[in-house]
Amino acid sequence: MIQLKNYINGKLIQPLNNQYLDNYHPAIGLPYSLVPDSDERDVELAVAAAGAAFEGWSNMQAEQRCKILLKIADLIDSKNDLLAEIESIDSGKPVKLAATLDIPRAASNFRFFAAAALQFASESHHMENSAINYTLRQPIGVVGCISPWNLPLYLFTWKIAPALAAGNCVIAKPSEVTPMTAFELSKICMEAGMPAGVLNILHGAGPHCGAAIVKHSTIKAISFTGSTRAGKEIASVAAPLFKKISLELGGKNPNIIFADCDFEKMIRTTVLSSFNNQGEICLCGSRILVERPIYEKFVTAFVAATKQLKIGDPMDPETFIGAIVSKPHFDKINYHIRLAQEEGGKLLCGGNVVQLAGRCANGWFIEPTIIEGLPWDCRTNQEEIFGPVVTVMPFDTEAEALQIANSTSYGLSATIWTENLTRAHRMAAQVQSGIIWINCWLHRDLRTPFGGMKNSGTGREGGNEAMRFFTEAKNVCIKL
Ligand code: NAD
């Protein structure tokens, strides 16, 4: 079994408690590596290293910081195939998806924020003839970044890169469910010449390692992506300590389809927005609302397209649906499929566990599942499932679509399909989501604000939003 190590003060070291967690290979259903279950003592060590490195890193010329981040990006690119394979084995996602989405995006995150290190600017406010104000945006110091399992290296680097670009030193924890590419990133940082202590990568369970990061008094900001449940816990610990917090949490995203949409394009994209990465993307549309005149046509085409999706070994380049990330998550999704049926839902396709032949015979696979006939306010339509499961519901009016779309406690993203420009803008303004896609899905510009409303979180990532989050604004007023 591969035994992972923490990356602290530029070195790979064992957890001080010598405790490890099993890490599973989801396509096989067996443990294959051991992840440190770090605790307060490892966090203490990492914080001391980060604190000692801060002066050097924050005072380094931005151009030099930029060079190191670019070097990391280049190394990620040069190891794309290896990292994609590792990511696929660890998470169950198809290797093709990891090679074309996850890993290239991890490199882009470093490249994008390397440029931001050079370009970040701040405001000046001129008070006619009396004074000039200017804003200093200074790095915070030691910050914490905690990420989930669904897009492991992609989301891990989405936090780390801006934190480092802004001049902070970082204590970062990947999900204990998918730690492997973060471990590879430790080695890449060593190869790239990252000064010791600037980035520290700790592995461990949320309640031990994650919680120790959140409550550490020296760590002044926490950037977290994960479940709404954990986000709530983190907020309750961090708020009384007056930490800055950015919380990117769960979702129950509506996909609103009007009869005047470009039907073929919508069907192609809706298959992706429903089932890409086994539906384990926080931005997947899990409630599909369809205007009644095209409801039957939609259901027929959508079910037919979904039945074409190949479920298989994540290592097979033809596979579209890989394994579910873990046994507990597999059980959770299956529970929700049963619940949907108890609530009166009718399975239009899927709903079953898949048993593959060969090496994946004991892996955790579930068919892409489409359910109809459920009321908008049932649990299936209100709770996040985070798997290859969607519901379809007809609607008659724009007002009804809006009411259903906004009916959940979440507000992460929404997709709207219509060729009517005025309606598209009207809906975009009224749907309660932080991200709205019109006639597309997951079309990302890294400069745009990224994040959710309501129980989907607080704060925004991306572009200058991230650079602002990872800096402290100080106004300087000069009397003329
Ligand atoms: P999770 O909340 O269980 O874990 C996320 C991370 O937080 C892990 O690293 C975990 O170890 C850590 N953690 C857990 N409890 C903690 C605590 N009390 N203190 C500190 N750290 C703690 O989430 P998950 O199951 O890994 O990920 C799935 C969830 O993430 C889904 O709800 C999904 O919607 C959400 N997600 C949101 C976004 C977004 O951008 N909004 C993106 C991806 C995933």
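If you're wondering where the values come from, they're calculated on a predicted model, not measured in any experiment.

**Q** So what's going on with the overall build of the chain? Residues and values would help.
**A** Looking only at helices and strands, the chain has 15 helices and 25 strands in total. For the chain, whose C-alpha radius of gyration is 23 Å, the value lies close to the compact-globule estimate of 23 Å for 480 residues. Seen through its C-alpha atoms, the chain measures out along the principal axes to roughly 65 × 65 × 40 Å. Classification of the 480 residues of the chain by burial places 58% in the buried group. Contacts in the chain between residues at least 24 apart in sequence constitute 75% of all its contacts with a sequence separation of at least 6.

**Q** Quick one: what's the story with the site of the ligand, residue by residue and with numbers?
**A** Around the ligand, the structure places 30 residues, and the nearest of them are Lys173, Glu176, Ser227, Leu249 and Glu384. Between the ligand and glycine 206, the relevant distance is 3.2 Å, taken from an oxygen atom to a main-chain nitrogen or oxygen of the residue. Serine 227 places a side-chain nitrogen or oxygen 2.6 Å from an oxygen atom of the ligand. Surface burial for the ligand is 91%, taken as the share of its 840 Å² of free accessible area covered by protein chains. More than half of the atoms belonging to the ligand lie within 2 Å of the grid points that define the largest pocket. Of all the elements in the fold, those that place two or more residues in the shell around the ligand are helix H7 (206–215), strand S11 (219–225) and helix H8 (228–238). When its residues are assigned to classes, the shell around the ligand shows 15 nonpolar, nine polar and six charged. Inspection of the shell around the ligand shows a minimum of three residues originating in each of domain 1 (2–249 + 456–479) and domain 2 (253–446).

**Q** Which residues make up the pattern of salt bridges, and what are the values?
**A** Going through the model one piece at a time under the given rule, you end up with 19 salt bridges. For glutamate 123, the salt bridge is made with arginine 137, and the minimal N-O distance between the two is 2.9 Å. With a gap of 14 residues between them, glutamate 123 in the loop between helix H4 (95–119) and strand S6 (124–127) and arginine 137 in strand S7 (residues 131–139) connect regions that are remote in the sequence. Residue classification places glutamate 123 among the partly exposed residues on the basis of a relative accessible area of 31%. When salt bridges that share partners are traced, they join Asp74, Asp77 and Arg111 into one network.

**Q** Quick rundown of the nonpolar core? Include the residues and the values.
**A** Counting 90 residues, the largest nonpolar core has Ile72, Ile76, Phe110, Leu164, Leu185, Met194 and Leu283 as the members making the most contacts within it. When residues are assigned to domains, this core turns out to be shared by domain 1 (2–249 + 456–479) and domain 2 (253–446), each giving three or more. Ignoring sequence-local partners within four residues, the contact set of leucine 164 consists of Trp57, Arg65, Leu69, Phe110, Val170, Met194, Val198 and Leu199. Counting residues in hydrophobic clusters, the runner-up holds 23 residues, among them Met266, Val290, Cys349 and Trp417.

**Q** Which residues make up the packing of aromatic side chains, and what values do they have?
**A** Within the structure shown, the criterion is met by nine aromatic pairs. Centroid distance phenylalanine 112 to phenylalanine 113: 4.9 Å. Interplanar angle 85°. Geometry classified as edge-to-face. Centre to centre, the rings of phenylalanine 298 and phenylalanine 302 are 5.0 Å apart; their planes meet at 25°, and the pair counts as stacked. Taken together, the residues span about one helical turn, with phenylalanine 298 and phenylalanine 302 both in helix H10 (residues 295–307) at a distance of four residues. Phenylalanine 302 carries the same exposure label as phenylalanine 298, and that label is buried. A network of ring pairs unites the aromatic residues Phe112, Phe113, Trp158 and Phe450 as a single cluster. Directly above the aromatic system of phenylalanine 263 lies the positively charged group of lysine 297, at a separation of 4.1 Å from the ring centroid. Over the ring of phenylalanine 258 we find arginine 423, and its NZ or CZ is 4.0 Å from the ring centre.

**Q** So what about the environment of methionine 427? Which residues, and what values?
**A** By the secondary structure assignment, methionine 427 is in helix H14 (residues 421–430). Judged by its relative accessible area of 0%, methionine 427 falls in the buried class. Along the backbone, methionine 427 and alanine 401 are 26 residues apart, and their C-alpha atoms lie at a distance of 9.4 Å. Other than its neighbours up to four places away in sequence, methionine 427 contacts Ile256, Phe258, Glu398, Ala401, Leu402 and Ile416.

**Q** I'd love a proper account of empty space enclosed by the protein, names of residues and values included.
**A** Applying the stated criterion across every chain yields a total of four cavities of 30 Å³ or more. Each pocket or cavity is described by its volume, and for the largest cavity that value is around 100 Å³. Contributing to the lining of the largest cavity are 16 residues, with Gly279, Ile281, Cys284, Ser286 and Phe386 lying nearest its centre. Considering only enclosed or pocket space, the second largest cavity measures out at about 70 Å³ in volume. Around the second largest cavity sit Arg105, Leu151, Tyr154, Leu155, Trp158, Ile281, Cys282, Leu283, Leu442, Arg444 and Phe450, which together line it. For the lining of the second largest cavity, the element with the most residues is helix H5 (residues 152–165), which contributes three residues. Here the lining of the second largest cavity is composed, by residue class, of nine nonpolar, no polar and two charged.

**Q** Give a detailed account of the domain arrangement of the chain, specifying residues and quantitative values.
**A** Assigned domains of the chain: these are domain 1 (2–249 + 456–479) and domain 2 (253–446). The straight-line distance from the C-alpha centre of domain 1 to that of domain 2 is 30 Å. Taken together, the contacts link 32 residues of domain 1 with 30 residues of domain 2. Approximately 2,500 Å² of surface area, both sides summed, lies buried where domain 1 meets domain 2, with 63% of it carried by carbon and sulfur atoms. Among the residues domain 1 hides against domain 2, the three largest losses belong to Ala27, Trp149 and Ser456. Together they make up 22% of the total. Where domain 1 touches domain 2, the interface holds zero salt bridges. Here domain 1 and domain 2 share nine residue pairs in polar contact (both at pLDDT 80 or more) between them. Of all the elements in the fold, those that place two or more residues in the side of domain 1 that touches domain 2 are strand S4 (20–25), helix H3 (80–91) and H4. It is H4 that provides the largest number of residues to the side of domain 1 that touches domain 2, a total of seven residues.

What counts and how
- Residues numbered from 1 in each chain as written.
- Predicted model: local features only at pLDDT ≥ 70, side-chain atom pairs only at ≥ 80, totals over all residues.
- Heavy atoms only, no water.
- Helix = DSSP H or I, 4+ residues; strand = E, 2+ residues; numbered from the N terminus.
- Rg over C-alpha atoms; globule rule 2.2 N^0.38 Å.
- Buried < 20%, exposed > 50% of the residue type's maximum accessible area, 1.4 Å probe, protein only.
- Contact = heavy atoms within 4.5 Å.
- Near = heavy atom within 4 Å.
- Polar contact = N/O pair within 3.5 Å; in protein donor to acceptor, adjacent residues only side chain to side chain.
- Areas by Shrake-Rupley, 256 points an atom, 1.4 Å probe, with all protein chains shown as cover.
- 1 Å grid on protein atoms, 1.4 Å probe; cavity = no way out; pocket = protein on both sides within 12 Å on 5 of 7 lines; lining within 4 Å.
- Sits in = over half its atoms within 2 Å of the grid points.
- Nonpolar A, V, L, I, M, F, W, Y, C, P; charged D, E, K, R; others polar.
- Domains from an automatic or database assignment.
- Salt bridge = Lys/Arg side-chain N within 4 Å of Asp/Glu carboxyl O.
- Core = buried A, V, L, I, M, F, W, Y, C linked by side-chain atoms within 4.5 Å.
- Phe/Tyr/Trp six-rings, centres within 6.5 Å; stacked < 30°, edge-to-face > 60°.
- Lys NZ or Arg CZ within 6 Å of the ring centre and 35° of its normal.
- Points joined across faces, edges and corners; volume = space filled by probe spheres on them.
- Buried area = accessible area lost by both parts, 1.4 Å probe.

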